[in-house]
Structure formats: structure tokens, C-alpha cells
Amino acid sequence: MTQSDYYFKLYKQYPEFTLDVEFQIKPGEFFSLLGPSGCGKTTLLRLVAGLEENPSGSIRINGEELIFVPPAARQIGMVFQDYALFPHLSVVENIAYGLKARRFPGEEIGRKVQKMLELFELSSFKDRTVQQLSGGEKQRVALARSLITEPRILLLDEPFSALDYNLRARLRRELRDYQKRLGFTTIFVTHQQEEALMLSDRMGLMERGRLWQIGTPEELYQHPMNRFVAEFLGEANFIPVVPSGDNKAQLLIGEYRVPYPIPYPNGPMPQVMIRPEDIAVNGAAFPISFSARLVRMDYMGHMRRLEAEANGKRFIIYSHPSHCHQDIGDEVVLGISPERLQWIPDATD
Ligand code: ATP
């Protein structure tokens, strides 16, 4: 493994939990850690920030080893779930806080606070207390307060978890816009796949203290290394692949075999995955097609979510609401393009 500018190898053992991860991020990157509750995301961030006792492993930033450096000397910024702002202090006082604590000269603090107010479009609120701000404005104050100390890396721990859906969606876009414009290196922790897919340059998927796969959102969504990764990032259909007599592959759908026009690969228990949006409901003209019966339809606004059964095997399909005129109980022909089928290389899940 080559050493990049930000390298993390972190290990922590509790009686019933072991965190053991290794990853690198690039300067200016927005890197997300995604995983279910209890997988170790917060423990990992606390290790990076220096808040865990008896750390072990390595944190190297620009060649400097930080694992035993005390938190205050690490120059790492952190924005928590609830932003942890001081509610009775003004916007300016909140933003200035870190520099005051470090005893910067007043004139320099004033200059830097002014710059932050401009960057985060907070000038018109600067004398309000935090209590008098909207959720979006609070987020901007929290970012400004962390970034004013010029941290080498900004850690964000589920900053949107307490907010309603629309506000969360707006704040995510805002955060991403600021991050792109200002280029601060970020580790973002979330258990929401939509958030990680939308925000990240690259992301890592965690389970039970280990990192399964790291890559761009597209890589993880389209080419998951195992079933856990595939299913955590969205709904997925899995189809076993079996050999035919002439060593070609066949898809096993219930007890029926459907030709899959590629040579049968070597390896343990091959299976392919297909996302629900990649299956056509009126698919007779597709290279791979088979009949099925619609057993469930749910209207979701921007799409219809269908379930269809083919020889006892259930498929999930997303269809444009105006493209689906069938009803529950109708026979349909499901169609698949072979290039949309993704091999799942690792059968351990
Ligand atoms: P969530 O999304 O729910 O916040 P998480 O992914 O951030 O979860 P952690 O808070 O890092 O998970 O916890 C990881 C595991 O470590 C959990 O199983 C938790 O019970 C365990 N754990 C955390 N702190 C301690 C501790 N001080 N002593 C013992 N076990 C702990």
C-alpha cells in the first residue's frame, strides 16, 4: 500500500466489539463512512479526533504521525450531530471561540471571523444568538466555527440526523457546495445510504468494525463486492448462475434455467446482481427475458415499485409510473440486458 497524504490504520477492542480498519483519503476529498448502527463509525471518528483512550494504529497526515498526539494539538475539526454551538452566544462569538481559546490576537480573530462570515454568507446574522437561527444557518455557523482554526481535516458525525427530510436534503446540497468551493478535506459519518451516495467523492462501507469496500459511490452501487454492500446501498435482486452442458452460463430462476450468453466462470457459487431499475416489465425484446406474475405494486410518486414472481423467485422492479399499465395478478415478461448483470465476486455475506 502506498502512503498518501492521509493514512489511517485504527484498532480498538471492546469486550464485544473490535474495530479494525485501514484506509487512505486524498487532500480535498469528501470521504464518507457508511454503515448500520453499532458498526463503529463514532468510535472511528473519536480515534481520529484523539478522544479514545489507549489508541492503537497509525494516523499519518502529510507524513506526521498523530496517533499519540493529544486532541488539541492534532488540528482536527469536528462538527457533531447537534452542532454543539453555544446557544446564548452570538454567531460571531461562536465562530471566534476556537481562536480565542488559542489566545490569538484580537485583530487577527476579527479578520478571520469576517472572512468566515463572508464565505458562509452569515454577515446579516452575525449579532444574533444561535437560538435565533434556522437549521441551515446553524449548520453554516458550525462549519465556520470549525474551519476558522484551519483544521487539516474536518470530521462530521451524522450532522443531519435530527432534521426533517426536506431540510436535510437542502443542507446536504449546501454542505457539498461549500466543501467543493473551499476544498476542506472531510470525513463524514452516516448510516443513510442516500446521504453517502450523494455527497461523497469516495466512500467506505462498514459492518461490525470492519471496512468491506471503498470506492466511488458509483463503484459501490454498481459493483458491490458482496451481498451486504449491495443490499446496504439499495434494493437488489440476486440470481444464482449455474453451468450448462457446453460450459456456458445459465441463470437459475426458481427451477428454470435461462441462457446467460457468457462462458461459465470459475469460482465459488457465482451469483449476479441486478438493480430494480435495470429490469424491464415489458421486456420480451431483451436478450434475457422470462415470464413472471405481478404480485405487488406500490406507488412511490416518482416511480412504481413492483414485485413479480417467476417460477417461485421474487423480483423487485422499479418502473416509471406512466410505463406500467398492468395490475396485480397479470402476467408480464421481465427483460434484462446482460451488461446490467453484475457479478458478486465475494459470496461471504
Ligand atoms: P451509531 O450509528 O448507533 O452511533 P456507530 O456505528 O457509531 O453506531 P459506535 O458508537 O462506534 O457505533 O459503537 C460500536 C460498537 O462498540 C457498539 O457495539 C458499541 O456497543 C461498542 N462500544 C462503544 N463504546 C463502548 C464502550 N465504551 N465500552 C464497550 N463497548 C463500546
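Rules used throughout
Residues numbered from 1 in each chain as written. Predicted model: local features only at pLDDT ≥ 70, side-chain atom pairs only at ≥ 80, totals over all residues. Heavy atoms only, no water. Near = heavy atom within 4 Å. Polar contact = N/O pair within 3.5 Å; in protein donor to acceptor, adjacent residues only side chain to side chain. Areas by Shrake-Rupley, 256 points an atom, 1.4 Å probe, with all protein chains shown as cover. Helix = DSSP H or I, 4+ residues; strand = E, 2+ residues; numbered from the N terminus. Buried < 20%, exposed > 50% of the residue type's maximum accessible area, 1.4 Å probe, protein only. Contact = heavy atoms within 4.5 Å. Core = buried A, V, L, I, M, F, W, Y, C linked by side-chain atoms within 4.5 Å. Domains from an automatic or database assignment. Pairing = 2+ DSSP bridges. Axes fitted to C-alpha atoms, helices over the stretch in contact; angles between N-to-C directions. Salt bridge = Lys/Arg side-chain N within 4 Å of Asp/Glu carboxyl O.

*Asks:* Would you mind showing me how to read the site of the ligand here?
*Replies:* Around the ligand, the surrounding shell consists of Tyr14, Phe17, Pro36, Ser37, Gly38, Cys39, Gly40, Lys41, Thr42, Thr43 and Glu158. Contact distances for the ligand include 2.7 Å between an oxygen atom and a side-chain N or O atom of threonine 42. Taking 640 Å² as the accessible area of the ligand by itself, protein coverage stands at 57%.

*Asks:* What am I meant to see in the environment of phenylalanine 238 here?
*Replies:* Here phenylalanine 238 shows up in strand β11 (residues 237-243). According to the relative accessible area criterion, phenylalanine 238 is buried, its value standing at 6%. With 11 residues separating them in the primary sequence, phenylalanine 238 and arginine 227 have C-alpha atoms 8.5 Å apart. Discounting residues that sit within four places of it in the chain, phenylalanine 238 has contacts with Arg227, Ala230, Glu231, Gln271, Val272, Met273, Lys313 and Ile344.

*Asks:* Quick question: what am I supposed to make of the nonpolar core here?
*Replies:* Proteins that are soluble and globular tend to have nonpolar side chains buried together. Ranked by internal contacts, the top residues of the largest apolar core, which has 34 residues, are Ile95, Phe120, Leu122 and Leu156. Only α2 (91-101), α3 (106-119), α4 (135-147), β7 (153-157) and α5 (165-182) provide two or more residues apiece to this core. For this core, the element with the highest residue contribution is α4, accounting for five residues. With residues up to four places along the chain from it excluded, the contact list for leucine 156 reads Phe30, Leu45, Val79, Leu143, Leu175, Thr186, Ile187, Phe188 and Val189. Core analysis: the second largest hydrophobic core is formed by 29 residues, Phe17, Leu45, Leu66 and Ile153 among them.

*Asks:* Would you take a moment to explain the domain arrangement of the protein chain for this structure?
*Replies:* Where the parts come together, the accessible area they lose is often given as the size of the interface. Looking at the protein chain, the domain boundaries give domain 1 (6-215) and domain 2 (235-344). For domain 1 versus domain 2, the distance between C-alpha centres works out to 41 Å.

*Asks:* Any chance you could explain the sheet that holds strand β18 (residues 331-336) here in plain terms?
*Replies:* Strand pairs in the sheet, formed through backbone hydrogen bonds, run parallel or antiparallel to each other. The strand order across the open sheet built from four strands is β17-β16-β15-β18, with neighbouring strands paired in antiparallel fashion. Because the sheet does not close on itself, it has two edges, and the strands there are β17 (313-319) and β18. Within this sheet the neighbouring strands show an average axis-to-axis angle of 45 degrees, counted without direction. Pairing analysis gives six bridges linking strand β15 (residues 288-299) to strand β16 (residues 304-310), with the strands arranged antiparallel. Within β16, the position partnered with aspartate 298 by the bridge is arginine 305.

*Asks:* Which parts of the structure should I look at to understand the pattern of salt bridges?
*Replies:* Side chains that differ in sign of charge can pair as their charged atoms come close. All told, the structure shown has 22 salt bridges when counted by the stated rule. Here arginine 227 makes a salt bridge to glutamate 231, at a shortest N to O gap of 3.7 Å. Placement of the pair is arginine 227 and glutamate 231 together in helix α8 (residues 227-232), with a separation of four residues, close to one helical turn. Glutamate 231 gets classed as partly exposed once you look at its relative accessible area, which sits at 42%. Among the salt bridges present, the one from glutamate 331 reaches arginine 293, with a minimum N-O distance of 3.0 Å. Of this pair, glutamate 331 sits in strand β18 while arginine 293 sits in strand β15, and the two are 38 residues apart along the sequence. Among the residues examined, glutamate 331 registers a relative accessible area of 49% and is labelled partly exposed. We classify arginine 293 as partly exposed; its relative accessible area is 40%. Here the salt bridges do not stand alone but share partners, grouping Glu235, Arg305, Glu307, Glu309 and Arg314 into one network.

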